[in-house]
Amino acid sequence: IPINASADPSEDEMLISKGRNVDMENSTIIDLDFNVEKIVVTVDVNATTRLVLFDRSTGNSNIISNPIFAAEDPFLGHGVLVWTTYQHMDPINASSKYQDREIQVLDLTTNITDPLTADDLDQWAPMVLEEHYVYRQMNDDGSISVEVQQKEASLKPYASTILQIGVVLAIVLIFINLTQRQFESRKI
């Protein structure tokens, strides 16, 4: 299967200017995941790792991660691709804000990529369940936890109840205000 992990020459030149050797001839696939329609591979090009999505029906392949920053841990499931990425070329020498990994989500039906996480905590090994995202996280105290996030945001029952009460109170206050204004206008 022809996997094209070539990026724009300007991006390769940027990596080379930072002392990173981009070696496309000796690039290797280090991780992959697939379903009936797609194959996603992590390709090591020596300077970094790139995430490439291959469409099995058309034979097209595209880099879906930022070709400058390292990407890893791809997981395909339920029409979604998730992966781990760094936000800096050299995370070891970056400020503490950019030393951790973040989770990215690509909705394969809309082809829109969004960050799932954006914080100072290190997250990795994402998975997609039918209604949730699951990943591992290193907390501030050094403990490792498994985090579960819903795909769709929902209001908690108490928030919904408070919202309903607030709407009813707003309607009552508007009615009282209108009544008071009518009463005052009759006096004048």
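The structure contained in this document is the topic of the report that follows.

Cut-offs and rules
- Residues numbered from 1 in each chain as written.
- Predicted model: local features only at pLDDT ≥ 70, side-chain atom pairs only at ≥ 80, totals over all residues.
- Heavy atoms only, no water.
- Helix = DSSP H or I, 4+ residues; strand = E, 2+ residues; numbered from the N terminus.
- Rg over C-alpha atoms; globule rule 2.2 N^0.38 Å.
- Buried < 20%, exposed > 50% of the residue type's maximum accessible area, 1.4 Å probe, protein only.
- Contact = heavy atoms within 4.5 Å.
- Pairing = 2+ DSSP bridges.
- Axes fitted to C-alpha atoms, helices over the stretch in contact; angles between N-to-C directions.
- Polar contact = N/O pair within 3.5 Å; in protein donor to acceptor, adjacent residues only side chain to side chain.
- Core = buried A, V, L, I, M, F, W, Y, C linked by side-chain atoms within 4.5 Å.

Describing the overall build of the protein chain
- Scanning the protein chain for helices and strands turns up 2 helices and 11 strands.
- The C-alpha atoms of the protein chain give a radius of gyration of 25 Å, which is well past the 16 Å a tight globule of 188 residues would have.
- The principal-axis extents of the C-alpha atoms in the protein chain amount to approximately 90 × 40 × 35 Å.
- For the protein chain, with 188 residues in total, the buried portion stands at 34%.
- In the protein chain, the proportion of contacts linking residues at least 24 apart, taken out of those at least 6 apart, comes to 32%.

What to know about the sheet that holds strand S5 (residues 71-77)
- One open sheet accounts for 4 strands, arranged S5-S6-S7-S8; its pairing is antiparallel. The outermost strands of the open sheet, each flanked by one partner alone, are S5 and strand S8 (112-115). On average, each strand axis in the sheet is inclined to that of its neighbour by 20°, with strand direction left out of account.
- Two elements, strand S7 (residues 101-107) and S8, share 4 bridges in a ladder whose sense is antiparallel.

Considerations on the side chain of threonine 49
- Mapped onto the elements, threonine 49 comes out in strand S3 (residues 49-55).
- For threonine 49, a relative accessible area of 12% corresponds to the buried category.
- At a separation of 2.7 Å, a polar atom in the side chain of threonine 49 contacts the main-chain carbonyl oxygen of alanine 71.
- Not counting chain neighbours up to four residues away, the residues in contact with threonine 49 comprise Ile30, Thr42, Val43, Asp44, Phe69, Ala70 and Ala71.

Considerations on the environment of isoleucine 68
- Tracing the backbone shows isoleucine 68 in the loop between strand S4 (61-63) and S5.
- Accessibility expressed as a relative area gives 10% for isoleucine 68, which makes it buried.
- Spatially, the C-alpha atoms of isoleucine 68 and valine 22 are 10 Å apart, while their sequence positions differ by 46 residues.

Remarks on the nonpolar core
- Counting 9 residues, the largest nonpolar core consists of Val40, Leu51, Leu53, Ile64, Ala71, Leu76, Leu81, Trp83 and Leu106.
- Looking at this core, the elements that each hand over two or more residues are S3, S5 and strand S6 (80-86).
- Once residues lying within four places of it in the same chain are set aside, the contact partners of valine 40 are Asp31, Leu32, Asp33, Leu51, Val52, Leu53, Ile64, Pro74, Leu76 and Leu81.
- One finds Val82, Ile103, Val105 and Tyr133 within the second-largest nonpolar core, a separate group that totals 8 residues.

Examining unusual backbone geometry
- Here the phi dihedral of asparagine 46 falls at roughly 75°; this positive angle occurs in a residue that is not glycine.
- Tracing the chain through its elements places asparagine 46 in the loop between strand S2 (38-44) and S3.
- Among the residues examined, asparagine 46 registers a relative accessible area of 48% and is labelled partly exposed.
- In the Ramachandran plot, aspartate 73 falls in the positive-phi region, its phi being about 55° despite a non-glycine side chain.

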